[in-house]
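# Tertiary structure, described
Now for the letters of each chain:
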Amino acid sequence: MDLTFTPEQLAFRDELRTWLREHGPEGALTPEPRDEDEQWEWRRAWQRTLHAGRWAGVHWPTEVGGRGATLSETAIFFEELGRSGAPLPADVLGILLAGPTLMVWGDDAQKDRLLPTILSADETWCQGFSEPDAGSDFGAVKTRAVRENPDDPESDWLVTGQKVWTSGAQYAKWCMLVARTDDTAGAKKHAGLTYFVLDMEQAAVDVRPLVQITGSPEFNELFLDDARIPNSMVVGGVGNGWKVALTTLMNERAGLAFFLQVRLRQQLDKLVAAAKRNGSVDDPIVADRLADLHVRTEALRLMAWKGLTAIEQYGQPGPEGSLTKWLWSETNQLLVQLAVDVVGADALTMEDSWGFELLRARGNSIEGGTTEIQKNIIAERVLGLPRAR
Amino acid sequence: MRFELSEDQQEIQGAARELLAGRSSFAQVRAVVEEQDAEPTGMPDLSKVPGEDAGLWKELGELGWTGIAVPEDHGGQGLGLIELVTITEELGYAVAAVPFLGSTTAALVIQHEGSDEQREDWLGHLASGELRGATTLTGDKVPVPGAAEGSLVVVADAHGGPAALYGPGSGVVEPVTAIDPTRGHGRVPIAGLDPEEELDGRGEWLGGTVTPAGPGFDRAAIVVAAELVGVMQRALDMTVSYVKDRKQFGVPVGSFQAVQHGAAQMLRDVTMARVLTYNAAWVADHGDPAEVRVAASMAKAAASEAGRTVTSAAIQLHGGIGFTWEADVHWLMKRAQIDAALLGGAGHHRRRVAGQVVAGNVPAA
Ligand SMILES: Cc1cc2nc3c(=O)[nH]c(=O)nc-3n(C[C@H](O)[C@H](O)[C@H](O)COP(=O)(O)OP(=O)(O)OC[C@H]3O[C@@H](n4cnc5c(N)ncnc54)[C@H](O)[C@@H]3O)c2cc1C
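## Re the overall build of chain A
- Per the secondary structure count, chain A includes 12 helices and eight strands.
- Its C-alpha atoms give chain A a radius of gyration of 22 Å, near enough to 21 Å, the size a compact globule of 389 residues would have.
- In terms of overall dimensions, chain A has C-alpha extents of about 75 × 45 × 45 Å along its principal axes.
- A buried classification covers 53% of the 389 residues belonging to chain A.
- Taking as baseline every contact in chain A between residues at least 6 positions apart, the subset at least 24 positions apart corresponds to 70%.

## Re the interface of chain B and chain A
- With 45 residues of chain B in contact, the opposing surface of chain A contributes 48 residues.
- Counting each side, the surface lost to burial between chain B and chain A is near 4500 Å², with a carbon and sulfur contribution of 69%.
- Looking only at chain B, the three residues that lose the most surface to chain A are B:Met1, B:Phe3 and B:Arg268, adding up to 21% of its buried area.
- Here chain B and chain A share two salt bridges between them.
- Between B:Arg268 and A:Glu330 there is a salt bridge whose closest N-O contact spans 2.8 Å.
- Counting the contacts that link chain B with chain A gives 10 residue pairs in polar contact (both at pLDDT 80 or more).
- Looking at the side of chain B that touches chain A, the elements that each hand over two or more residues are α7 (215-245), β9 (251-252), α8 (257-286), α9 (292-318) and α11 (346-359) of chain B.
- Take the side of chain B that touches chain A: its biggest share by element is 15 residues, from α8(B).
- Taken together, the residues of the side of chain B that touches chain A break down into 29 nonpolar, 11 polar and five charged.

## Focus on the pairing of strand β5 (residues 193-199) of chain A
All names here are of chain A.
- Most of β5 is tucked away, with six of its seven residues classed as buried.
- As paired elements, strand β4 (residues 174-180) and β5 share seven bridges and run antiparallel to each other. Bridge pairing in β5 links Arg180 to Leu193.
- The pairing of β5 with strand β8 (residues 234-235) spans two bridges and is antiparallel. The residue of β8 that forms the bridge with Phe196 is Val234.

## Here we look at helix α4 (residues 92-105) of chain A
Residues and elements named next belong to chain A.
- The terminal C-alpha atoms of α4 lie 19 Å apart, and with 14 residues this matches the ideal 20 Å at 1.5 Å per residue to within 8%.
- When the local axis directions of α4 are compared, the greatest deviation, roughly 30°, occurs at Ala98, which is followed within four positions by the proline Pro100.
- Burial of α4 is extensive: 11 of the 14 residues sit out of reach of the surface.
- Of the residues making up α4, those classed as buried are Val92, Leu93, Gly94, Ile95, Leu96, Leu97, Ala98, Gly99, Pro100, Thr101 and Leu102.

## So, the domain arrangement of chain A
All names here are of chain A.
- As far as domains go, chain A holds domain 1 (7-90), domain 2 (123-244) and domain 3 (256-382).
- Relative placement of domain 1 and domain 3: their C-alpha centres are 22 Å apart.
- Carbon and sulfur atoms supply 63% of the area that domain 1 and domain 3 bury against each other, a total of about 1100 Å² over both sides.
- Inspection of the region where domain 1 meets domain 3 yields seven residue pairs in polar contact (both at pLDDT 80 or more).
- Split by residue class, the side of domain 1 that touches domain 3 holds eight nonpolar, four polar and three charged.

## A look at the site of the ligand
- Within the structure, the ligand sits among 18 residues, and A:Gln127, A:Ser136, A:Trp165, A:Thr370 and A:Glu372 are positioned closest to it.
- Near the ligand, residues from chains A and B are present, making the site a shared one.
- Take A:Ser130: an N or O atom from its side chain is 2.8 Å from a nitrogen atom of the ligand.
- Protein contact buries 68% of the 970 Å² of open area that the ligand shows by itself.
- The dominant element in the shell around the ligand, judged by the number of residues it contributes, is helix α12 (residues 371-382) of chain A, at three residues.
- When the residues that make up the shell around the ligand are grouped by side-chain class, the tally is five nonpolar, 10 polar and three charged.

## Some remarks on the sheet that holds strand β4 (residues 163-166) of chain B
Residues and elements named next belong to chain B.
- Read across the open sheet, the four strands follow the order β1-β3-β4-β7; overall the sheet is mixed. Across the chains shown, the open sheet's two edge strands, defined by having one partner strand only, are β1 (133-137) and β7 (204-205).
- Where β1 and strand β3 (residues 152-156) come together, five bridges link them in parallel fashion. Along β3, the bridge assignment pairs Leu137 with Ala156.
- Across the sheet, helix α5 (residues 100-113) lies against β1, β3 and β4, angled at about 70° from β1, the strand it touches most.

## Examining the packing of helix α4 (residues 81-93) of chain B against α5(B)
Residues and elements named next belong to chain B.
- In contact at an axis separation of 11 Å, α4 and α5 are set at 165° when each is read in the N-to-C sense. Taken together, the axis directions place α4 and α5 in an arrangement best described as roughly antiparallel. α5 is crossed by α4, and the crossing has left-handed handedness. Residues Leu81, Leu84, Ile87, Thr88 and Leu91 of α4 lie in contact with α5, whose contacting residues are Phe100, Leu101, Thr104 and Leu108.
- Looking at the contact of α4 with α5 residue by residue, the class counts come to seven nonpolar, two polar and no charged.

## Remarks on the sheet that holds strand β5 (residues 174-175) of chain B
- Judged by pairing direction, the sheet is antiparallel, and its three strands sit side by side in the order β2-β6-β5 (chain B) without closing on themselves. The strands lining the two open edges of the sheet, one partner per strand, are β2 (144-145) and β5 of chain B.

## Remarks on the domain arrangement of chain B
All names here are of chain B.
- Domain assignment breaks chain B into domain 1 (7-39 + 48-208) and domain 2 (215-358).
- Just the C-alpha atoms count here: the centres of domain 1 and domain 2 sit 20 Å apart.
- Interface of domain 1 and domain 2: buried area, both sides summed, is about 3600 Å²; carbon and sulfur atoms make up 69% of it.
- Taken together, the connections running from domain 1 to domain 2 amount to five salt bridges.
- Across the pair Arg274 and Glu89 runs a salt bridge, and its minimum N-O distance is 2.7 Å.
- The interface formed by domain 1 and domain 2 holds 17 residue pairs in polar contact (both at pLDDT 80 or more) in total.
- Among the elements of the structure, α2 (26-38), α4, α5, β1, β2 and β3 are those that each provide at least two residues to the side of domain 1 that touches domain 2.

## A word on the packing of aromatic side chains
All names here are of chain A.
- Across all of its chains, the model carries 16 aromatic pairs over all chains by this definition.
- Centre to centre, the rings of Phe12 and Trp55 are 5.6 Å apart; their planes meet at 75°, and the pair counts as edge-to-face. Highlighted residues: Phe12 in helix α1 (residues 7-23) and Trp55 in the loop between α2 (36-52) and α3 (71-83), separated in sequence by 43 residues.
- Given the relative accessible area of 8%, Phe12 is considered buried.

## Quick notes on the environment of A:Trp165
Residues and elements named next belong to chain A.
- Summarising the element assignment, Trp165 is placed in the loop between β3 (157-163) and β4.
- When the C-alpha positions of Trp165 and Phe219 are compared, they lie 5.1 Å apart, and in sequence the two are 54 residues distant.
- Ignoring sequence-local partners within four residues, the contact set of Trp165 consists of Ser130, Leu210, Phe219 and Asn220.

## Observations concerning the environment of B:Leu126
Residue and element names in this part refer to chain B.
- The topology assignment puts Leu126 in helix α6 (residues 116-128).
- On the accessibility criterion, Leu126 (1% relative accessible area) is buried.
- As a C-alpha pair, Leu126 and Leu152 span 26 residues in sequence and 8.9 Å in three-dimensional space.
- Once you skip the residues sitting within four places of it in the chain, Leu126 turns out to touch Thr66, Ser103, Ala106, Ala107, Ile110, Leu131, Arg132, Gly133 and Leu152.

Parameters and conventions
Residues numbered from 1 in each chain as written. Chains lettered and ligands numbered in written order. Predicted model: local features only at pLDDT ≥ 70, side-chain atom pairs only at ≥ 80, totals over all residues. Heavy atoms only, no water. Helix = DSSP H or I, 4+ residues; strand = E, 2+ residues; numbered from the N terminus. Rg over C-alpha atoms; globule rule 2.2 N^0.38 Å. Buried < 20%, exposed > 50% of the residue type's maximum accessible area, 1.4 Å probe, protein only. Contact = heavy atoms within 4.5 Å. Buried area = accessible area lost by both parts, 1.4 Å probe. Salt bridge = Lys/Arg side-chain N within 4 Å of Asp/Glu carboxyl O. Polar contact = N/O pair within 3.5 Å; in protein donor to acceptor, adjacent residues only side chain to side chain. Nonpolar A, V, L, I, M, F, W, Y, C, P; charged D, E, K, R; others polar. Pairing = 2+ DSSP bridges. Expected span 1.5 Å × (residues − 1). Bend = angle between axes of the 7 residues up to and from the residue. Domains from an automatic or database assignment. Near = heavy atom within 4 Å. Areas by Shrake-Rupley, 256 points an atom, 1.4 Å probe, with all protein chains shown as cover. Axes fitted to C-alpha atoms, helices over the stretch in contact; angles between N-to-C directions. Parallel < 35°, antiparallel > 145°, perpendicular 65-115°, else oblique. Left-handed = near helix turned anticlockwise from the far one by under 90°. Phe/Tyr/Trp six-rings, centres within 6.5 Å; stacked < 30°, edge-to-face > 60°.

Written out as structure tokens, the structure reads:
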């Protein structure tokens, strides 16, 4: 066991801290605007600032604008970013999901065309996986892609169907799209899927905002009616979409876990401060709940680092991924619920940020795989129990 | 950052696991318990401690386990809390019928809070295993493992006051039949330790002066948490293998989602307790001394809470067989219930966390 950073890691962290002090919320970064579109532009500008300092994709190879950072350094980056109070870059989906997926599965032409604009936020991404009838059961996607000319293996693809809950689609240039290319009877459900990069800038793609319970349209419905994708934008080969999508999903929580865990810590600090100010901390029940949140948050931090040790040691994530996702979402939900008791009625108004947090937190146990699905994964893949019935 | 036991530590862990698999199977634990039950009531045989595997205890002493974290100049091996925690987890996994927990925690307390004289007098005897120790807090009257007439007992005031040491034969221990029959327990009915008052003639102040209990008792709590982690891991392993095997409705009950999610919850709870416990041990060995207190309380809070729920869930997921004396799950639940209360339960430790977290480290506005 060694729970300290190496001198190299400390140097990395200190360089980052110095940079964040100058450019982050303590320095040049302006406060977050309220309007959702302005918020997006603000986060896009922030990503460009990060990129100028070569901080936008620390885990990306140096040739494509990254720092070739180790897993630990990447974790440190997200912890420090969270700690500084700075937002995530606008295009987390491009930086954490699309880019790494292309680096594994993309061909040279795709990498040359698509990677350079990600870190600079010149082109941003969305993730078109979920559909009305394919949520937890992601393999059930129905959106269909057919070759325009079935006899020509180089022919363009035409895609028709509906995607849903697509975050950031209103701003995105590209979409990681999983569609069915083979539904012949008997073809195994997962075998008929193909992973595409869809250009969102075409009339056949209709993006309709879906308003969340918070009142803001963070995600969208996507209606595709013969949307065109050149054959060169098939990623990882026709019929290989399930495997490519798994790469995307595996990357989803890698760095984010550290950012979210530190954000939780900040929210908790804020809540403790509020409880001290209004004296509710003297209520033994409030004190007990605050301490419980503290214990959970610390456990999350340690579990995230333990998971990283496992990846560095054995090349694959341990069970901690699903455990931390589940523990994080539950803890955040407990935290915002306690805030209502601590802050009082203000937390039930949209004037107070706790009101927004209370509502937004309900999505935590649904987005990125529901808690029930995480538990299934733990039971079947970690504990080795027989498939659920 | 490397959250993993070192090679040496893994070796200790492996050796402990292997030895205990042969020397402390459930059948062997059961034999110790049933031998004790078979004894006629009436005059107790003072040469024998109930619920104790004397042979195993002797062996552990000879192997140096009892003194693993005691400094070498007091006859121990001078290793760290991590090594002690690693072994303790394995003993919990085996529900070993030995007074290890009481003796090693008492030694930690004396090592970190005793006077030179107290260290000189007691550490060597505790390290060799010839003297039994017991560690507890005032007021709660929990059955204390290792507490017997001939034991050395260290007691800390539960409300942050000082601590006292009671030598063997002090008369401070009362007999008790605890729910856990796999080791000996006694009660230490001391209501509180008031720094303003003289100690009654039976004991002496720990460290020779009246100072608030601290680093020794914090470490002791970490060791108890470690035993809980081992107990929980065993409960989880047993449950997983049982539900894979047991069939109802023509299929393994482990294929029912309610059962699966129960098992997933057990894993999450054990994992939280484990990372917090090993973190606390690491902080105690290498970290900032000011952080040991909170790290210890976080570990004990998580382990106390989870120890109860995980071992109860194990019984539930075994169904009726889990409720019988014949199945071995109950040893785990019983051990966990006592350890959960020993040296402060989850509520006690969350109060300490709250006190510390609220006191400092928080932005003013
Ligand atoms: C804020 C937010 C942002 C999102 N962003 C995106 C995005 O950008 N791109 C994208 O593709 N998707 C996105 N999603 C979609 C998200 O991945 C899905 O909502 C999620 O996977 C669940 O699918 P579903 O909504 O169809 O629910 P369903 O799968 O219909 O689930 C309904 C209920 O049934 C339970 N359930 C389903 N199957 C099982 C099972 N096998 N065992 C036990 N319980 C089960 C679920 O846990 C849930 O409680 C987002 C969701 C949210 C909330």
